[in-house]
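Next come the chains, spelled out residue by residue.
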Amino acid sequence: MSDVLDRLAEVLEARKQAEPDSSYVASLYAKGLDSILKKVGEEATETVIAAKDGVEQQVVYETADLWFHTLVMLKHLDIDHHAVLDELDRRFGLSGIEEKASRGNK
């Protein structure tokens, strides 16, 4: 498996300590969670639009932006991306119906 998420997580962690004017990510961290969540929402919308338009390269590009900003959000919240990967692994082999039922009323 590619180690790109681990390498990116290291960079994102380092940017938490950086001056806001030194990098895009450092500036997002400085603006706080609401700004980060706004970017996640924007990128999700752009991903949906790209998928609807059906241009493969644009879908890949927008999905990369969405994943990137989601990783920034996780890092800001001090949630390791491996927790998400572990959750996906836990769900592997479960039907979507079974998995959703196992959550109860949330």
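We now turn to the structure provided with this report. (Residues numbered from 1 in each chain as written. Predicted model: local features only at pLDDT ≥ 70, side-chain atom pairs only at ≥ 80, totals over all residues. Heavy atoms only, no water.)

## Structural notes on the overall build of the protein
Defined as follows: The helix and strand labels rest on DSSP assignments: H or I over at least four residues marks a helix, E over at least two residues marks a strand, and numbering proceeds from the N terminus. The cut-offs for exposure are 20% and 50% of the maximum accessible area for each residue type, with area from a 1.4 Å probe on protein chains only; residues under the lower value are buried, those over the upper are exposed, and the others partly exposed. When checking whether two residues touch, look at their non-hydrogen atoms; a contact exists if any pair is within 4.5 Å. Shrake-Rupley sampling with a 1.4 Å probe provides the accessible areas, and residues are treated as covered by the protein chains on show and by no other component.
Counting its regular elements, the protein contains 6 helices and 0 strands. In sequence order, the secondary structure elements of the protein are arranged as α-α-α-α-α-α. Reported as C-alpha extents along the three principal axes, the dimensions of the protein are approximately 45 × 35 × 30 Å. When burial is assessed residue by residue, the protein has 24% of its 106 residues classed as buried. Taking as baseline every contact in the protein between residues at least 6 positions apart, the subset at least 24 positions apart corresponds to 53%. Total accessible area on the protein is roughly 7,700 Å²; 58% of this is exposed by carbon and sulfur atoms.

## Topic: the layout of surface pockets
To be explicit about the condition: Cavity: a set of points on a 1 Å grid over the protein atoms alone where a 1.4 Å probe fits but cannot get out. Pocket: an open set with protein on both sides within 12 Å along at least five of seven lines, its lining residues, like those of a cavity, having an atom within 4 Å of a point. Grid points are joined across faces, edges and corners, and a volume is the space filled by probe spheres set on the points. The nonpolar class holds Ala, Val, Leu, Ile, Met, Phe, Trp, Tyr, Cys and Pro. Asp, Glu, Lys and Arg form the charged class, and all remaining residues, Gly among them, are polar.
Here the largest pocket defines a volume of roughly 240 Å³. Lining of the largest pocket is provided by Leu5, Trp67, Thr70, Leu71, Leu74, His81, Val84, Leu85 and Leu88. Elements with a contribution of two residues or more to the lining of the largest pocket: helix H4 (56-76) and helix H5 (81-91). By residue class, the composition of the lining of the largest pocket is 7 nonpolar, 2 polar and no charged.

## Focus: empty space enclosed by the protein
Applying the stated rule across the entire model yields 1 cavity of 30 Å³ or more. Estimated volume of the largest cavity: approximately 40 Å³. Lining the largest cavity are Leu5, Ala9, Leu12, Leu71, Leu74, Lys75, Ile79 and His81. Of all the elements in the fold, those that place two or more residues in the lining of the largest cavity are helix H1 (4-15) and H4. Taken together, the residues of the lining of the largest cavity break down into 6 nonpolar, 1 polar and 1 charged.

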